[in-house]
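Tertiary structure, described
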Amino acid sequence: MVSKELVAASGAPLILSILSRGESYGYAIIQEVRGLSGGRMQWTDGMLYPVLHRLEEQGLIRSRWGISETGRKRRYYRLRSEGGRALKDMMNQWQVVFSTLMKASEGEPCAT
Amino acid sequence: MCNLNDRICRWRSALAAGGSCSGQDLDELESHLREQIGRLVETDLAEDEAFLVARHRLGDPASLSEEFAKVNAGAVWRSRVFWMAGGFLAIEMISQFAGLLSRVCALAGLHAGLSPETSGWFSAGGRVLALAFAFGAAWAVLSGKTLKLRRRLSELTSGASLKARLILLVPAVLIIVFGAGTMLTAMASNRLLRPEDLGDVYMKQAYFHSAWSVLLPLAMAVLMVVLSRRKIETAEA
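These lines cover the structure that appears in this document, whether it is placed above or below.

What counts and how
Residues numbered from 1 in each chain as written. Chains lettered and ligands numbered in written order. Predicted model: local features only at pLDDT ≥ 70, side-chain atom pairs only at ≥ 80, totals over all residues. Heavy atoms only, no water. Helix = DSSP H or I, 4+ residues; strand = E, 2+ residues; numbered from the N terminus. Buried < 20%, exposed > 50% of the residue type's maximum accessible area, 1.4 Å probe, protein only. Contact = heavy atoms within 4.5 Å. Areas by Shrake-Rupley, 256 points an atom, 1.4 Å probe, with all protein chains shown as cover. Patch = residues over 30% accessible without salt bridge, like charges linked within 9 Å, V, L, I, M, F, W, Y side chains within 5 Å. Salt bridge = Lys/Arg side-chain N within 4 Å of Asp/Glu carboxyl O. Pairing = 2+ DSSP bridges. Axes fitted to C-alpha atoms, helices over the stretch in contact; angles between N-to-C directions. Expected span 1.5 Å × (residues − 1). Bend = angle between axes of the 7 residues up to and from the residue. Buried area = accessible area lost by both parts, 1.4 Å probe.

**Concerning the overall build of chain B**
Scanning chain B for helices and strands turns up 10 helices and 0 strands. Its helices and strands taken in sequence order, chain B reads α-α-α-α-α-α-α-α-α-α from the N to the C terminus. When each of the 237 residues of chain B is scored for burial, the buried share is 37%. Nonlocal contacts in chain B, meaning residues at least 24 apart in sequence, comprise 73% of its contacts between residues at least 6 apart. When the accessible surface of chain B is summed, it comes to about 13,400 Å², and 68% of that surface belongs to carbon and sulfur atoms.

The structure is reproduced here in structure tokens:
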């Protein structure tokens with residue numbers, strides 16, 4: 001099981017990545033994360049929404065109200081171009097962290 | 001046997017009571033909850049169990065409220081200012097109402113030919129009546145007799161909607177109306193009094209005005225103490 005801190009830190013890039021594949025809504029995003037992580041990343045469903053709002057406030061995603069198949073109101077989110085750029089940047093950061101960790105655990109001499 | 005919609009309604013009010021979710025946030029969360037319940041029911045879970053599982057997965061209201069408060073920080077403070085303004089206006093409205101009632105009683109007494117002395121007591125009685133009425137209304141609102149009204153107010157005011165702010169106009173307008181009424185009745189009763197009686201009447205009114213300044217905070221303190229002993233009925237089962 002992944003620690004809470006890691007789950008929280010990876011929230012934004014995960015959501016942005018999922019949205020980069022197309023417009024989606026809260027419940028579907030959660031299902032996608034569960035599927036992708038094979039259940040090893042446990043999200044509290046409700047916590048998704050404050051993150052979505054923060055991302056929207058930062059101008060990385062945009063939302064609109066629509067109707068679901070069952071006729072209920074549903075809020076859809078989609079990625080904006082700033083979001084795409086921010087996502088690239090976040091992925092780079094994670095890549096740096098990951099490769100540093102790998103090198104550290106393999107005991108490779110560090111190249112300066 | 002509570003039906004599903006009732007339970008969802010109560011869950012929603014419990015969240016709204018946290019004060020940090022807007023109406024739209026609540027709509028979104030409720031839509032998520034219902035979709036989750038729907039999927040679980042498809043997997044042959046009973047509706048009751050589906051509700052409990054879905055609610056658990058969504059997260060406990062306390063942490064959710066905390067997280068939403070961080071995102072809706074501005075709205076949370078606006079909501080607090082709204083309630084403070086509302087409280088101030090409510091007290092002012094009660095004071096003005098009491099003043100009006102007392103002067104109407106004094107006027108009635110003078111008109112009926114009673115002595116200024118007796119009319120003075122009449123007006124004091126009017127003030128006490130107004131206080132009792134306000135106390136009773138506060139009791140009814142806070143002890144759960146008007147649960148639906150509180151839920152509606154909770155939701156309205158935790159949003160950024162203009163509608164919520166406009167509710168403040170009601171006590172504001174009433175204050176002006178009561179104030180005008182007080183002035184008119186004061187003018188009318190002064191005409192019925194001989195100049196030498198005026199001093200007497202005003203003395204009596206001054207006594208009761210100071211009694212009012214003591215009684216009102218006392219009444220509020222009593223209200224607070226009594227309410228802290230009983231649980232204010234909340235929405236969660």
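**Looking at a nonpolar patch on the surface**
Nonpolar side chains collect at one region of the surface, where V97, F98, L101 and M102 of chain A lie side by side and expose about 370 Å² of accessible area between them. Turning to its location among the elements, L101 of chain A is positioned in helix α4 (residues 81-106).

**Quick look at the sheet that holds strand β2 (residues 61-67) of chain A**
Residue and element names in this part refer to chain A. Spatially, 3 strands are ordered β1-β3-β2 in an open sheet, and the strand pairing comes out antiparallel. The open sheet is flanked by β1 (24-25) and β2, the only strands paired with a single partner. Two strands pair when backbone bridges link them, and β2 and strand β3 (residues 73-79) are joined in this way by 7 bridges, in the antiparallel orientation. Bridging across to β3, R62 finds its partner in R78. Seen against the sheet, helix α3 (residues 48-57) touches β2 and β3 and runs at an angle of roughly 50° to β3.

**Observations regarding helix α1 (residues 4-20) of chain A**
Residues and elements named next belong to chain A. Between its first and last C-alpha atoms α1 spans 24 Å; for 17 residues at 1.5 Å apiece the expected length is 24 Å, and the two agree. Of all the bends in α1, the greatest reaches close to 45° and is centred on G11; the proline P13 follows between one and four positions later. Turning to α1, its buried residues are V7, S10, G11, A12, P13, L14, I15, L16, I18 and L19. Looking at the buried positions of α1, the neighbouring elements they touch are β1, α2 (26-37), α3, β2, β3 and α4. Where α1 terminates, the next one or two residues include G22, which has phi positive at roughly 145°.

**Some words on the interface of chain A and chain B**
Contact with chain A, which involves 21 residues of that partner, is made by 20 residues of chain B. Both faces combined, the contact of chain A with chain B buries some 1,900 Å², and carbon together with sulfur accounts for 54% of it. Together, Y27, Y49 and R72 of chain A form the three largest contributors to the area buried by chain A at its contact with chain B, with a combined 31%. Counting across the chain A and chain B interface gives 3 salt bridges. The closest approach of N and O atoms between E35 of chain B and R74 of chain A, which form a salt bridge, is 3.2 Å.

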